[in-house]
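# Examination of the molecular architecture
One letter stands for each residue in the lines below.
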Amino acid sequence: MNLAELYRQDAWHMRWLIYLSFAMLAVGGLYGALQGLDKMGVDLYRYLPDPLYRYYLGLTVHGVTLGWLFTTYFIIAFLNLATVHGLRRPLQSRRLAAATFVLAVGGGILALVPTFTNESSVLWTFYAPLQAHPAFYTGLTLVVVATWTAGLNTYLTWRGWKKEHPGERTPLMAFASLTTWAMWALASAGVAAAMLFQLIPWSAGLIPQVNPLLTRSLFWFTGHPVVYFWLLPAYVSWYTMLPAQVGGRLFSESLARLVFLSFIPLAVPTGFHHMFPDPGVTHSVKLLHAVLTFAVVFPSLVTAFTVVASIEVGARRRGGKGLFRWLLALPWLRDPSVAGQLLGMLLFATGGITGLINASYGMNLVIHNTLWVPGHLHTQVAGAVALTWMAASFWLVPLLTGRALWKPKLAVWQVWLWFFGMAVMARGMHWMGLAGVPRRVHLTYAPYAVFDEWRMAGWLVGSGSLLMLVSGALFFLIIGMTVWASKEPARVEVPEAKPLHPVDRMPRVLDRLTPWVAVTLVLIAIAWLPSLYRIATTHPYVSGWRLW
Ligand code: HAS
Ligand code: CU
């Protein structure tokens, strides 16, 4: 079977998941701009009809559409493609792929309807005792189930491949997808338990009370590793595709595998770093999570080295010279797909530094619950991850539709504008956070807000978010015109990086998941179970509140 036929077999759900993912980006992005402007004292919310003007409704739509839906839809489609391409084999079960699609989209609709009617203004973290409509929790749970069916399909596809290729090493692109699903399967257990045993029955009136500290801890059991569930598909692109796009080679396949595999044990036992100032968790457990957070930085530091080295190989092959001058040989202004990913990396490097500050137990007390944290998270997920996905879609959408990218030059502008917008906005957010401005507050109406003191910082947040709004609009124009109006046939292939040196020998443990999953289970047992048990048995259970 030739490759084009291979993608077409599974193309409809990949294509539609990608379109829906971008639709979520549009909805969430619009509310994002309103929030950004609020930080400079400009309230455009009040022009929206009731209940859409309500701040916490908007913030919930922003977090749910972007954190849960934009990400999940894109990840399923992109990892499907990486698996299918890596193994040169269609997905094992078309029925399972269709079921995944229905669960993901149906779940999203179920969660969003009660959000738009202001019955679920509980933000993306849905902390109890704030109570949402049962459909909200059920919908998000179905989205998580969709990730499980997608992961299962990848696993079955790999098993089918393995039967026909006994003793062969799994190709990197597929292996990286498998490790991402394995990490997520373990990570998602926390939120699934919170939903099934506490939040859904509680919101449906089947149990009268829940334990807020327990549901919150279970949220962060998943809520930290979910950020690597967002990040790893970008890593799939940086490691296995981008080097080919710049004419380079993957510097080391063994290091790449080590990075993906390390996220399995290290992603989950770190979640209490979101609860450093919370009562009810012992200091020793918090310290353990702080130390393990520093450990999970390691694979990203290795990534900084490996990916930049792979790109450097490409730049030197293009004639780049000197210690740093080779950077100029990269197509920063010519290839939007490459430029977007490089700019995403630059943002990611800044977010890595702020992440380390957050993780430093003592320093966390300075920034926790301030606008600093949205500054950090935007450089990571809305910067590195979203920019990488937009950049990848410049070859992905042509590949899946057969239509050439509409106006690549405009796409270069688009990614640069997003980068600048994000850099400016995040700078302002970090600044406001250090000045003590709380996150998740409608500042225009906060009686203590002193805009005079925050003028410059707030102006950066507002103007940065406007630049991103313009860039987002350009992105939709480019993708929309590619899909509907581009007449030229696409001549694209999945970029696939070859390793710099032939991989003859590699420790077997770098081609296996079981030992890594086993270590993870031990770490989870140490880092989570005693605390969860103690919280469940000693902390109070309370009834729900609906505010706003
Ligand atoms: Fe984080 C809060 C710590 C990574 C997302 N984070 C958040 C929240 C989100 C989020 C959404 O310890 C807020 C949740 C909420 O609503 O409350 N985070 C870290 C650490 C890392 C980290 C240590 N975060 C991420 C990623 C995210 C993400 C990735 C999304 C995708 N984060 C925290 C902590 C908090 C937190 C605390 C809680 C704060 C609080 O108090 O509430 C690390 O994994 C980061 C490692 C990254 C690096 C960067 C490596 C650089 C690379 C690029 C190389 C390129 C170069 C460019 C150098 C070490 C790979 C030059 C070359 C070219 C050729 C271009
Ligand atoms: Cu975290």
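All of the points below concern the structure found in this document.

Conventions used here
Residues numbered from 1 in each chain as written. Chains lettered and ligands numbered in written order. Predicted model: local features only at pLDDT ≥ 70, side-chain atom pairs only at ≥ 80, totals over all residues. Heavy atoms only, no water. Near = heavy atom within 4 Å. Polar contact = N/O pair within 3.5 Å; in protein donor to acceptor, adjacent residues only side chain to side chain. Helix = DSSP H or I, 4+ residues; strand = E, 2+ residues; numbered from the N terminus. Nonpolar A, V, L, I, M, F, W, Y, C, P; charged D, E, K, R; others polar. Donors = N, O, S within 2.8 Å, 3.2 Å for Na, K, Ca; no water. Core = buried A, V, L, I, M, F, W, Y, C linked by side-chain atoms within 4.5 Å. Buried < 20%, exposed > 50% of the residue type's maximum accessible area, 1.4 Å probe, protein only. Contact = heavy atoms within 4.5 Å. Phe/Tyr/Trp six-rings, centres within 6.5 Å; stacked < 30°, edge-to-face > 60°. Lys NZ or Arg CZ within 6 Å of the ring centre and 35° of its normal. Expected span 1.5 Å × (residues − 1). Bend = angle between axes of the 7 residues up to and from the residue. Patch = residues over 30% accessible without salt bridge, like charges linked within 9 Å, V, L, I, M, F, W, Y side chains within 5 Å. Areas by Shrake-Rupley, 256 points an atom, 1.4 Å probe, with all protein chains shown as cover. Salt bridge = Lys/Arg side-chain N within 4 Å of Asp/Glu carboxyl O.

## Re the site of ligand 1
For ligand 1, the set of nearby residues contains 35 residues, the closest of which are Tyr 228, Asn 364, His 368, His 376 and Arg 439. Within the backbone of Ala 359, a nitrogen or oxygen atom sits 3.2 Å from an oxygen atom of ligand 1. The separation between a nitrogen atom of ligand 1 and a polar side-chain atom of His 376 is 3.0 Å. Elements with a contribution of two residues or more to the shell around ligand 1: helix H9 (225–240), helix H12 (283–317), helix H13 (336–359) and helix H15 (372–401). Top element by residues in the shell around ligand 1 is H13. It accounts for nine residues. Of the residues that constitute the shell around ligand 1, the class distribution is 22 nonpolar, 12 polar and one charged.

## Here's the deal with the coordination of the iron atom of ligand 1
Coordination angles at a metal have ideal targets, namely 109.5 degrees for four tetrahedral donors and 90 or 180 degrees for six octahedral donors. From the protein, the iron atom of ligand 1 takes a single donor atom, His 376 (NE2), 2.1 Å away. A separation of 4.5 Å is found between the iron atom of ligand 1 and the copper ion (ligand 2).

## A look at the nonpolar core
If you look at the biggest cluster of nonpolar residues, it comprises 162 residues, and the most contacted ones within it are Trp 68, Phe 126 and Tyr 235. With residues near it in sequence (within four places) discarded, Trp 68 still touches Gly 63, Trp 124, Phe 126, Leu 140, Val 143, Trp 184, Phe 219 and Val 226. Residues Tyr 31, Tyr 55, Leu 59 and Leu 123 belong to the second largest nonpolar core, which totals nine residues.

## Notes on the packing of aromatic side chains
Scanning the entire structure with this criterion turns up 42 aromatic pairs. Ring geometry for Trp 124 and Trp 220: centres 6.3 Å apart, planes at 80 degrees, overall edge-to-face. Of the two residues, Trp 124 is situated in the loop between helix H4 (94–116) and helix H5 (134–164) and Trp 220 in helix H8 (residues 212–223); the sequence distance between them amounts to 96 residues. Of the two residues examined, Trp 124 and Trp 220, each falls in the buried class. Ring centres 4.7 Å apart and planes at 35 degrees place the aromatic pair Phe 276 and Tyr 361 in the tilted group. Of this pair, Phe 276 sits in the loop between helix H11 (253–267) and H12 while Tyr 361 sits in helix H14 (residues 361–367), and the two are 85 residues apart along the sequence. The class of Phe 276 is buried, set by a relative accessible area of 2%. Three or more aromatic residues joined by ring pairs make a cluster, and in this case those are Phe 22, Phe 70, Phe 74, Phe 78, Trp 389, Phe 394, Phe 475 and Phe 476. It is Arg 257 that lies over the ring of Phe 175; its NZ or CZ is 4.7 Å from the centre.

## As for the coordination of the copper ion (ligand 2)
Taken together, the protein ligands of the copper ion (ligand 2) are His 224 (ND1), His 273 (NE2) and His 274 (NE2), with distances of 1.9 to 2.0 Å. In the primary structure, the donors to the copper ion (ligand 2) are separated according to the pattern H-x48-H-H. Accessibility expressed as a relative area gives 11% for His 273, which makes it buried.

## Focus on the side chain of Gln 198
The topology assignment puts Gln 198 in helix H7 (residues 189–203). Within polar-contact distance, the side chain of Gln 198 engages the backbone nitrogen of Asn 211 at 3.2 Å. Leaving out residues up to four positions away in the same chain, Gln 198 has contacts with Ala 193, Ile 207, Val 210, Asn 211, Leu 214, Thr 215 and Tyr 541.

## Regarding helix H3 (residues 55–87)
For H3, spanning 33 residues, the distance from its first C-alpha to its last is 46 Å, which sits close to the expected 48 Å at 1.5 Å a residue. Along H3, the largest kink reaches about 30 degrees and is centred on Thr 65. Extensive coverage of H3 is indicated by the burial of 33 of its 33 residues. One or two positions beyond H3, positive phi appears at Arg 88, with a value near 50 degrees.

## Observations concerning a nonpolar patch on the surface
Taken together, the side chains of Leu 30, Leu 466 and Leu 469 present a nonpolar region at the surface, about 250 Å² in accessible area. Looking at the element boundaries, Leu 466 is found in helix H17 (residues 451–484).

## Notes on the environment of Leu 152
Looking at the secondary structure, you find Leu 152 in helix H5. Sequence-wise, Leu 152 and Ala 185 are 33 residues apart; in three dimensions their C-alpha atoms are separated by 9.5 Å.

Keep in mind these values describe shape, not function.
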